[in-house]
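A closer look at the structure
Take a look at the letters that make up each chain.
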Amino acid sequence: MSKAYNLFQLCHSPSTNFLFGSSKSHIGLYMIPGWKVYPTLHFCKNVQTTTYEVVNASYVPTAQTKEEKEIKDKSSAQLDTVGAFQKLPIVMPSVDILYSALKKAKRVSPTKGIPNIAKRERNRGAKQLDALMKEIAVPLRTYLENFPKKKYLHPYERSLIELTLGDGNYEEVLAKVNALRKNVVSVGKEHASLCAKSLTKREAEERLSEGRKKIEEIFSHEGKAVDALLHIAKTLRAMPVVDLETPTLCLVGAPNVGKSSLVRILSTGKPEICNYPFTTRGILMGHIAFNYQNFQVTDTPGLLKRCDEDRNNLEKLTLAVLSHLPTAILYVHDLSGECGTSPSDQFVIYKEIKERFGGHLWLDVVSKCDLLHKSPVVFITDDDNPDHVELARYRKLGPDGAIHVSIMSKAGLNELKVRVHELLTSQMAKIKSEKSNQENLVIS
């Protein structure tokens, strides 16, 4: 304290003139006769360069490695919604890619200012081969970058790829396109290098012709992979888009029980209606508008009485919709004997699906009620066990609380529409509640 006070007195002493210097780590006083300088204070603030994150109200320095960053980028790239198929790039046929590449490469001219004919020709040949290679490789690379990896897709879209294209076919075609791209790049660079080392004009022309021919041969031989990718893009782009936040009614049941007819009555969907099993060969979407509210309706292929291992891809599509989409279920029963599946078999299928997907909102409908007889239809293969009370009741009236409808006589259709509206309204409330719970979990 005494040193500070003495320094203050020294600064304000009329007989003392001095200059503060700060070139060293300590403050120095330089006395210069005839000068009167007032003291100035200089402050230096260190810049904080370390990144910290808050962990339990304390600051802990963290360093993000390259590997962690890549994992984070990949996880952020994962799609939480459907609709990836509509973002697929437009794939050109392989013939068009090759023709366009050859045409553009031939227009490439040598670098200006090369007086020597041989040097000019080898420059032209090397540039044309390089251009041909790039005109083919760049579109292929663009396709590979814009076709999503299956593991980043929504589970529903992953199932569509596997069941529509075949398990592993999607990855196989992309791998072939990538192999084609690598071969074209390798051969193009090799022959462009050879052409650049030519000693005469004739040699340069021959190597240009050889390189061009070799690239054409490779692309003609392996270019079928591009056409296969074009087919995949068309197939996937034609898949119906499902809005996960819009309530969806999924019609389920055995083949030919009248699901497609009900879709036509309830929505804008226009499925094919024929009297044979598996008329519906994919997922068909329609829409319903009730009191200015929009809802979705999906028609699914029929289910047969068998275990999952024996089911065909059409049946697996139905199970994929029920497993991966937030749908309400409209289960359709046909007890008239017209659909080809016995009421007993339908009962077994119904009980299995009800047990597996009992968490969905549910509504049962018995179709073709105008064809029902007073005595229930019994097939030869039916289990005619009189002690099975539930099955006996099912053969007569269907499940408890089922609505009986007929497309031909219009019976029960108005009641069905009212019940469907109530079901979808409940489904909308369920979706909003689940979304709110997820948001609360993220916040907490």
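The paragraphs below set out a description of the structure included in this document. Just so you know, these numbers come straight off a predicted model, no measurement behind them.

For the protein, the count of helices and strands is 13 helices and 10 strands. In the protein, which comprises 444 residues, the share counted as buried stands at 39%. Put simply, of all contacts in the protein between residues at least 6 apart along the chain, 69% involve residues at least 24 apart.

Let us now look at the sheet that holds strand 5 (residues 248–253). Strand order in the open sheet made by the six strands is 6-7-5-8-9-10, with mixed pairing throughout. Looking at which strands have only one partner, the edges of the open sheet turn out to be strand 6 (284–290) and strand 10 (403–404). As defined by bridge partners, strand 6 adjoins strand 7 (residues 293–299) across seven bridges and the pair is classed as antiparallel. Considered in strand 7, the bridge of M285 is made with T298.

Per the stated rule, a full pass over the model turns up one cavity of 30 Å³ or more. In this model, the largest cavity occupies a volume close to 60 Å³. If you go around the largest cavity, the residues you meet are V82, G83, F85, Q86, Y156, E157, L160, M239, P240, V241 and V242.

Our focus in this paragraph is the pairing of strand 5. Across the six residues that make up strand 5, a large majority, six, are buried. Burial of strand 5 is two-sided: the residues T248, C250 and V252 facing one way and the residues L249, L251 and G253 facing the other way are all buried. As paired elements, strand 5 and strand 7 share four bridges and run parallel to each other. In the sheet register, L251 faces strand 7, and the bridge partner there is D299. Where strand 5 meets strand 8 (residues 327–334), six bridges bridge the pair, whose relative direction is parallel. When the sheet's bridge partners are listed, G253 is paired in strand 8 with V332.

Let's shift gears to the packing of helix 11 (residues 343–356) against helix 12 (residues 389–397). As a packed pair, helix 11 and helix 12 sit with axes 10 Å apart at the nearest point and diverge in direction by 110°. With respect to helix 12, the axis of helix 11 lies roughly perpendicular. Between helix 11 and helix 12 the crossing geometry is right-handed. Residue-level inspection shows P343, S344, Q346, F347 and K351 of helix 11 in contact with helix 12, the latter providing E390, L391, Y394 and R395. Across the contact of helix 11 with helix 12, the residue classes break down as four nonpolar, two polar and three charged.

Reading the values: the criteria
- Throughout this description, residue numbers start from 1 for each chain and increase along the sequence as written.
- Only residues with pLDDT of 70 or above have their local features reported here, since the model is predicted, and side-chain atom pairs are shown and tallied only from 80 upward, although totals for entire chains, interfaces and linings are computed over all residues.
- In computing side-chain properties, one takes all heavy atoms of the structure into account and sets aside hydrogens as well as water.
- A run of H or I in DSSP counts as a helix once it spans at least four residues, and a run of E counts as a strand once it spans at least two, with each numbered from the N terminus.
- Only protein chains enter the accessibility calculation, which uses a 1.4 Å probe. A residue is then buried if its area is under 20% of the maximum for its type, exposed if over 50%, and partly exposed in between.
- Residues are treated as being in contact if the distance between any of their heavy atoms lies within 4.5 Å.
- Only when DSSP finds a minimum of two bridges between them are two strands counted as paired.
- Points on a 1 Å grid over protein atoms alone make up a cavity when a 1.4 Å probe fits among them but cannot get out, and a pocket when they form an open set with protein on both sides within 12 Å along at least five of seven lines; lining residues each have an atom within 4 Å of a point.
- Grid points are joined across faces, edges and corners, and a volume is the space filled by probe spheres set on the points.
- Note on definitions: angles span 0 to 180 degrees between N-to-C directions of axes, and those axes are lines fitted to C-alpha atoms, for helices only across the stretch in contact.
- Each angle is binned into one of four classes, with values under 35 degrees roughly parallel, values over 145 roughly antiparallel, values of 65 to 115 roughly perpendicular, and all other values oblique.
- Crossings are sorted by hand: turned counterclockwise from the far helix by less than a right angle, the near helix makes the crossing left-handed, and turned clockwise it makes it right-handed.
- For this classification, the nonpolar set comprises Ala, Val, Leu, Ile, Met, Phe, Trp, Tyr, Cys and Pro, the charged set comprises Asp, Glu, Lys and Arg, and every other residue, Gly included, is treated as polar.

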